[in-house]
Amino acid sequence: MSLRKKALGLTLAFGFSAFASSSLLADDANSIHVYKSPTCGCCSDWIDHLEDNGFDVTATDTNDLGKIKADAGLLAGLGSCHTAFVGDYVIEGHVPADDIRRLLAEAPKATGLSVPGMPAGSPGMEVGDRKDPYKVILFNQQGQSRVFAEHN
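Here, residues in each chain are numbered from 1, in the same order as that chain's written sequence. Only residues with pLDDT of 70 or above have their local features reported here, since the model is predicted, and side-chain atom pairs are shown and tallied only from 80 upward, although totals for entire chains, interfaces and linings are computed over all residues. Computation of side-chain values: all heavy atoms of the structure, hydrogens and water removed.

Visitor: Help me understand the sheet that holds strand β4 (residues 89–93) in this model?
Guide: The strands making up a sheet associate through hydrogen bonds between their backbones, and the pairing can be parallel or antiparallel. Here, strands pair whenever DSSP counts at least two bridges between them. Secondary structure follows DSSP: runs of H or I at least 4 residues long count as helices, runs of E at least 2 residues long count as strands, and numbering of each begins at the N terminus. Reading across the sheet, the 7 strands line up as β2-β1-β3-β4-β5-β6-β7 and stay open at both edges, with mixed pairing between neighbours. Two strands lie at the open edges of the sheet, namely β2 (56–61) and β7 (145–151), each paired on one side alone. In this sheet, neighbouring strand axes are inclined to one another by 20 degrees on average, regardless of whether the strands run parallel or antiparallel. Summarising the sheet, β4 and strand β5 (residues 112–115) pair through 4 bridges and their orientation is parallel. From the neighbouring strand, G93 faces β5, where its bridge partner is V115. In this description, contact between two residues means that some pair of their heavy atoms is separated by no more than 4.5 Å. Where helices are involved, their axes are fitted lines through C-alpha atoms of the stretch in contact, as for all axes, and angles between N-to-C directions lie from 0 to 180°. Together, β1 (31–36), β2, β3 (82–86) and β4 form the strand contacts of helix α3 (residues 41–52), whose direction differs from that of β1 by roughly 175 degrees. The strands touched by helix α5 (residues 97–106) are β1, β3, β4, β5, β6 (134–139) and β7; relative to β7, the strand with the most contacts, the crossing angle is about 135 degrees.

Dropping the structure here:
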């Protein structure tokens, strides 16, 4: 059961006010755990982007990202340099903070979002004025995916 659902259940069971309920849910939605290589600078830049946009980030350096990606159910072809978890979702690569917030607000039945590769101009991959077009992909455990957002 997700932390969000547990918080809602506790709120209903103990009769907290609507304000308290919103606060509990918001904290869960603002917490994101990022797994990254200890030597990757763009991962740290993406973390800065998330923090600048109100997320509370915990970062874990690892040399075994492949296992984390596999355990998370990441589909072939959707990989990037870091993997994160927010609520019940997987976030792979340089997904913009606004798209993560939209995912959490819409709460689709999905595994998560991915920006495959490392497109220039995506958050954490800023290269001067260069802004390559890229897509944010929504994916699920059944191997299905679709475009969630397009940028640049």
